[in-house]
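One-letter residues, chain by chain:
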Amino acid sequence: MSARDIALPGLAWVLALAASAGAAAQTASPRFEHTLNDGWRYADGPAPGAEAPGYDDASWARVDLPHTWNRSAEGAESPAYRRGVGWYRRALELDPSLEGRRLFLRFEGANQVAEVFVNGHRVGRHVGGYTGFTVDITERVRFDAPNVVAVRVDNAHDPDIPPLDADFTFYGGIYRDVWLVATNPVHITLTDHGGPGVYVDAPAVSEEDATVRVRGTLVNATDRRRWVQVVSRVLDPGGDEVARMASRLELPARGSRAFTQRARPTREPRLWSPAEPNVYTVVTEVGDGGEVTDRIRSPLGFRWLRVDPDEGVFLNGEPIRLTGTNRHQDRAGYGNALPDAMHVRDIELVKATGLNFLRLAHYPQDPAVLEATDRLGLVVWEEIPVVNMITLSDAFGDNAERMLREMIRQHYNHPSVLFWGYMNEIMLVEPDPLPDRYRRRVVELA
């Protein structure tokens, strides 16, 4: 898809989606997705009023995403290291071909509290620096003039937001990709805790056969009820169809509805393992009045796990010795603002070393990481950043539970993920003067 960047006085760079590109996108796919990584303006500090469209950001630095304001810092001990507020602004010109669609901004990660504004209106707030989030901007955009997207990011210490303390740097910024997504009014939800809206698994799997289950939620943003068809096709690693599921659903006006599908057993499935990382694909389409209104693709792996305290770990019924490493998401000179190619290169190095296991320390990582571990064959342990210590507050517990829910929903479909972690070394610090109370709360939180 083509795009062109132009400058407007006092505004960030503009993404103008050419009419031909918008029309082509609608023909090729019912869902339009475009990265918004280029052409932002950035400033350190509070910047009161920076969410307003007329705010003068001409003196701000021009940056592209991924970006962190701690990029050059060597760590928390460095004088360059800063925890606090940073502002991002960008102008966004929407092509008229997208009018009538539902429009979303999808952030893969911003550390650690992000507030998103469109044309001066707050459209969303997200707490937590290591999971993605999506905001609906449909009601706040215009097509007769450029829109202004402003994002306030704050990585200051907050006793209610994990992580509180750890052996890694808490970089600040919009350090992963940002996407503009446009869907038809009848679509698969984009606002389910940052997840894909469709969840696939194999509740029953063996060497002989496997049963595929597809679950999801559809949204009807129109003013009348709709009867829609949901079709999910299972494609083997070579792209051949091996199973199909179809459902007919009634969607209420301005409402949503969940669905569940089960396929007939797939005979002799090609199992996923580090030795043979066979990844199937589930293509889910929504049809309304003969038109495909939405389509997404989900990875699927057929595998089963057993852990025995005496005998060890078994994958697909066979004993497996998990030999691996931890992986953090930063590099010298980049901080945590890595392009996808660097994430993938790290995973390739782990695999090339001869390892079969990867622990994503100590937080959910970039989607590119999970796609690479699926493809290359690394068993993954992924965890939320409840590290070293906790706060006794209810708010801390609520934030930790929401992070767990977001991590699982966002990465549920990846066959490489076999373990979810929710705490790490949590008894390393026991704050005085109430260690007994602290220990009880740790157990309650678990």
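Scroll up for the structure.
Residues numbered from 1 in each chain as written. Predicted model: local features only at pLDDT ≥ 70, side-chain atom pairs only at ≥ 80, totals over all residues. Heavy atoms only, no water.

1. Observations concerning the overall build of the chain
As a reminder of what qualifies: The numbering of helices and of strands both runs from the N terminus, where a helix is a DSSP run of H or I of at least 4 residues and a strand a run of E of at least 2. Buried residues are those whose accessible area, probed at 1.4 Å on protein chains only, stays under 20% of the maximum for their type, while exposed residues exceed 50% and partly exposed ones sit between those limits. Any two residues whose heavy atoms approach within 4.5 Å at even a single point are treated as in contact. The Shrake-Rupley method, run with a 1.4 Å probe sphere, supplies the accessible areas, and residue values consider only the shown protein chains as cover. Charge assignment: positive for Lys and Arg, negative for Asp and Glu; neither His nor the chain ends contribute. Note on charges: their place is set at NZ of Lys, CZ of Arg, CG of Asp or CD of Glu.
When helices and strands are counted, the chain shows five helices and 28 strands. C-alpha atoms of the chain, sized along the principal axes, occupy 65 × 65 × 40 Å. Residues counted as buried form 55% of the 446 residues belonging to the chain. At a minimum sequence separation of 6, the contacts of the chain that also span at least 24 residues come to 71%. Of the roughly 19200 Å² of accessible surface on the chain, a fraction of 48% belongs to carbon and sulfur atoms. On the chain, the mean spot of the 50 positive side-chain charges and the mean spot of the 62 negative ones are 5 Å from each other.

2. Describing the pattern of salt bridges
Note the cut-off: The term salt bridge refers to a pairing of a side-chain nitrogen on Lys or Arg with a carboxyl oxygen on Asp or Glu at a separation within 4 Å.
Applying the stated criterion across every chain, the model contains 30 salt bridges. Arg-306 is paired through a salt bridge with Glu-311; the nearest N and O atoms lie 3.8 Å apart. Glu-311 gets classed as exposed once you look at its relative accessible area, which sits at 54%.

3. A few points about the packing of aromatic side chains
Heads up, the condition is: Pairing of aromatic side chains requires ring centres within 6.5 Å, counting the rings of Phe and Tyr and the six-membered ring of Trp. Pairs whose planes differ by under 30 degrees are stacked, by over 60 edge-to-face, and all others tilted. Either the NZ atom of lysine or the CZ atom of arginine qualifies as a charge over a ring when it sits within 6 Å of the ring centre and within 35 degrees of the ring normal.
Throughout the structure, instances matching the rule amount to 12 aromatic pairs. Relative to Tyr-88, the ring of Trp-40 lies with its centre 6.5 Å away and its plane at 85°, an arrangement referred to as edge-to-face. Of the two residues, Trp-40 sits in strand E4 (residues 40-44) while Tyr-88 sits in strand E6 (residues 85-93), which places them 48 residues apart along the sequence. Here a set of aromatic residues connected by ring pairs shows up, and it is made of Trp-40, Tyr-42, Trp-69 and Tyr-88. The ring centre of Phe-314 lies 4.2 Å from the NZ or CZ of Arg-306, which sits over that ring.

4. Structural notes on the sheet that holds strand E22 (residues 305-308)
For the record, the criterion: By definition, two strands form a pair when at least two bridges between them are found by DSSP.
Ordered by their spatial adjacency, three strands build an open sheet running E22-E23-E24, and the pairing between neighbours is antiparallel. The sheet terminates laterally at E22 and strand E24 (318-319), the two strands that pair on one side only. Strand direction decides the pairing type here: strand E23 (residues 312-315) and E24, joined by two bridges, are antiparallel. Its bridge partner being in E24, Leu-315 is matched across the sheet by Glu-318.

5. Considering the side chain of Arg-102
Stated formally: Any N or O atom pair separated by 3.5 Å or less is treated as a polar contact, with the protein-specific requirement of one donor-capable and one acceptor-capable atom, and with residues adjacent in sequence counted only for side-chain atom pairs.
Relative to the assigned elements, Arg-102 resides in strand E7 (residues 102-107). One polar contact links Arg-102 to Glu-139, side chain to side chain, over a distance of 3.1 Å. In contact with Arg-102, not counting residues within four places along its chain, are Asp-136, Thr-138, Glu-139, Val-181, Ala-182, Thr-183, Asn-184, Pro-185, His-187, Ala-221 and Arg-254.

6. Structural notes on the side chain of Asp-201
Secondary-structure assignment places Asp-201 in strand E14 (residues 198-205). Among the polar contacts made by the side chain of Asp-201, one reaches the side chain of Arg-213 at a distance of 2.7 Å. In this structure the side chain of Asp-201 is engaged in a polar contact, spanning 2.5 Å, whose partner is the side chain of Tyr-412. In this structure Asp-201 touches Thr-211, Val-212, Arg-213, Arg-215, Leu-300 and Tyr-412, once residues within four positions along its chain are discounted.

7. Focus on helix H5 (residues 435-445)
Worth spelling out the cut-off: Arc definition: directions from the helix axis to the C-beta atoms.
Among the residues of H5, those classed as buried are Tyr-438, Arg-441 and Val-442. Taken end-on, H5 shows its buried residues confined to a sector of 105°, consistent with a single buried face. Relative to its buried face, H5 has exposed residues pointing more than 90 degrees away, namely Arg-440, Val-443 and Glu-444. As for H5, its buried residues are in contact with helix H4 (394-411).

8. Some thoughts on the layout of surface pockets
How we decide: A pocket here means an open set of points on a 1 Å grid, computed over the protein atoms alone, that has protein on both sides within 12 Å along at least five of seven lines. A cavity is instead a set of points where a 1.4 Å probe fits but cannot get out; residues with an atom within 4 Å of a point line either one. Grid points are joined across faces, edges and corners, and a volume is the space filled by probe spheres set on the points. Any residue outside Ala, Val, Leu, Ile, Met, Phe, Trp, Tyr, Cys, Pro, Asp, Glu, Lys and Arg is labelled polar, Gly included; the first ten of those are nonpolar and the last four are charged.
The volume enclosed by the largest pocket comes to roughly 1000 Å³. Every residue lining the largest pocket is counted, 38 residues in all, and those nearest its centre are Glu-33, Arg-106, Pro-196, Pro-367 and Glu-371. Mapped onto the lining of the largest pocket, the elements with two or more residues apiece are helix H1 (19-28), strand E3 (32-35), E7, strand E10 (133-136), strand E21 (291-300), helix H3 (367-376) and H4. Among the elements that make up the lining of the largest pocket, the one with the highest residue count is E21 (five residues). Across the lining of the largest pocket, the residue classes break down as 14 nonpolar, 13 polar and 11 charged. Along the walls of the second largest pocket sit 15 residues, with Val-200, Asp-201, Arg-303, Tyr-412 and Val-417 positioned nearest its centre. Of the residues that constitute the lining of the second largest pocket, the class distribution is 10 nonpolar, three polar and two charged.

Purely geometric stuff here, so don't read any function into it on its own.
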